[in-house]
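Letter by letter, the chains look like this.
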Amino acid sequence: MLKVLKGGKSGKSVVSKFGHSWIASCETEEDLINVGKKLASVVGSGDVVLLKGSLGAGKTTLVRGLIQAKCNDNTMRVTSPSYLLDNIYELEDMTIHHMDLYRLPTGSDLSILDIPKIYSSSLCLIEWPQRMGSQWLPKKYLDVDIRIVASDTTPNERNDDGGDDDDDDDDQKREVFMTPSDGCKTGLLVKLEKEFPKL
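Owing to the predicted nature of the structure, the values given are computational and were not obtained by experimental measurement.

A.B. asks: Just checking my understanding: could you explain the overall build of the protein for this structure?
C.D. replies: Along the protein, the regular secondary structure elements total three helices and nine strands. Residues counted as buried form 52% of the 199 residues belonging to the protein. In the protein, once contacts between residues fewer than 6 apart in sequence are set aside, the share between residues at least 24 apart is 69%. Of the roughly 9,600 Å² of accessible surface on the protein, a fraction of 49% belongs to carbon and sulfur atoms.

A.B. asks: How should the nonpolar core be read in this particular structure?
C.D. replies: Burial of nonpolar side chains together is a common tendency in soluble globular proteins. The biggest cluster of nonpolar side chains holds 32 residues, and the ones touching the most others in it are Leu39, Leu62, Leu125, Val144, Val176 and Met178. Contributions of two or more residues to this core are made by strand 3 (21-26), helix 1 (29-40), strand 4 (48-53), helix 2 (59-71), strand 7 (123-127), strand 8 (142-148), strand 9 (174-180) and helix 3 (186-195). One finds Val48, Leu85, Ile115 and Tyr119 within the second-largest nonpolar core, a separate group that totals 15 residues.

A.B. asks: What should I look at first to understand the pattern of salt bridges in this one?
C.D. replies: Two side chains that carry opposite charge are able to pair once their charged atoms sit near each other. By the definition in use, this model includes five salt bridges. One salt bridge in this structure joins Asp143 and Lys52, with 2.8 Å as the shortest N-O distance. Remark: Lys52 occurs in strand 4 and Asp143 occurs in strand 8; sequence separation between them is 91 residues. For Asp143, a relative accessible area of 12% puts it in the buried group. Owing to a relative accessible area of 23%, Lys52 belongs among the partly exposed residues under this scheme. Arg147 is paired through a salt bridge with Asp145; the nearest N and O atoms lie 3.3 Å apart. Look at Arg147 and you get partly exposed, because its relative accessible area is 23%. Taking the relative accessible area as the measure of exposure, Asp145 reaches 8% and is therefore buried.

A.B. asks: Is there a simple way to think about the packing of aromatic side chains in this case?
C.D. replies: The relative placement of two aromatic rings is captured by the distance of their centres and the angle of their planes. Evaluated as defined, the whole model comprises one aromatic pair. With centroids separated by 4.8 Å and ring planes inclined at 55°, the aromatic side chains of Tyr102 and Trp128 adopt a geometry described as tilted. Of this pair, Tyr102 sits in the loop between strand 6 (95-100) and strand 7 while Trp128 sits in the loop between strand 7 and strand 8, placing them 26 residues apart in sequence. Positioned over the ring face of Phe177 is Arg147, at 4.0 Å from the centre of the ring.

A.B. asks: How do you make sense of helix 2 when you look at a structure like this?
C.D. replies: Count 3.6 residues to each turn of an α-helix, and residues three or four apart come out pointing the same way. Under the 1.5 Å per step criterion, the end-to-end length of helix 2 is 18 Å for 13 residues, consistent within 8% with the ideal 18 Å. Counting buried positions over the 13 residues of helix 2 gives ten, a clear majority of the element. Among the residues making up helix 2, those that are buried are Lys59, Thr60, Thr61, Leu62, Val63, Arg64, Gly65, Leu66, Ile67 and Gln68. Of the residues one or two after helix 2, Asn72 is the one with positive phi, at around 55°.

Cut-offs and rules
- Residues numbered from 1 in each chain as written.
- Predicted model: local features only at pLDDT ≥ 70, side-chain atom pairs only at ≥ 80, totals over all residues.
- Heavy atoms only, no water.
- Helix = DSSP H or I, 4+ residues; strand = E, 2+ residues; numbered from the N terminus.
- Buried < 20%, exposed > 50% of the residue type's maximum accessible area, 1.4 Å probe, protein only.
- Contact = heavy atoms within 4.5 Å.
- Areas by Shrake-Rupley, 256 points an atom, 1.4 Å probe, with all protein chains shown as cover.
- Core = buried A, V, L, I, M, F, W, Y, C linked by side-chain atoms within 4.5 Å.
- Salt bridge = Lys/Arg side-chain N within 4 Å of Asp/Glu carboxyl O.
- Phe/Tyr/Trp six-rings, centres within 6.5 Å; stacked < 30°, edge-to-face > 60°.
- Lys NZ or Arg CZ within 6 Å of the ring centre and 35° of its normal.
- Expected span 1.5 Å × (residues − 1).

Structure below.
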């Protein structure tokens, strides 16, 4: 069992490490934002985060916490780039690309977004990576899968027919699975251990 943070309406949020995944249990929107803020200390320029989850799972909410932490601005408005495809945040030491590919047909030409060139030069946060053809996928990435836990305690049910999740239901419990791909740089794994340490 790993502890992530305390706070939010629930008063707690816990993480367990299962195999090569770190699993955060979040009971409130604030918990999701705080997991994003912790991930901001883990990822940086040259990293790619692939965000998965059903409509309303909280992908954009988690990204909001990450970007606000990177920009050192807890009031910054961070919205899903569903129609723009890519919201770009220029920081002094890095560029952050927050992408939402839901509205693109699977297998679309993503060179219009400068993929894959931007993978090595910026921090890329990509919602709905399922829309990417295999030729556009990064070789190394952090997979973040947010699953809504059904109220009747049926574990980890999800539905992938959604889109923009700016208005996630913060009353539902979620589990956030953070799984580094094979070959991820050692530094990322060390940072994950540091931010989500063993109790």
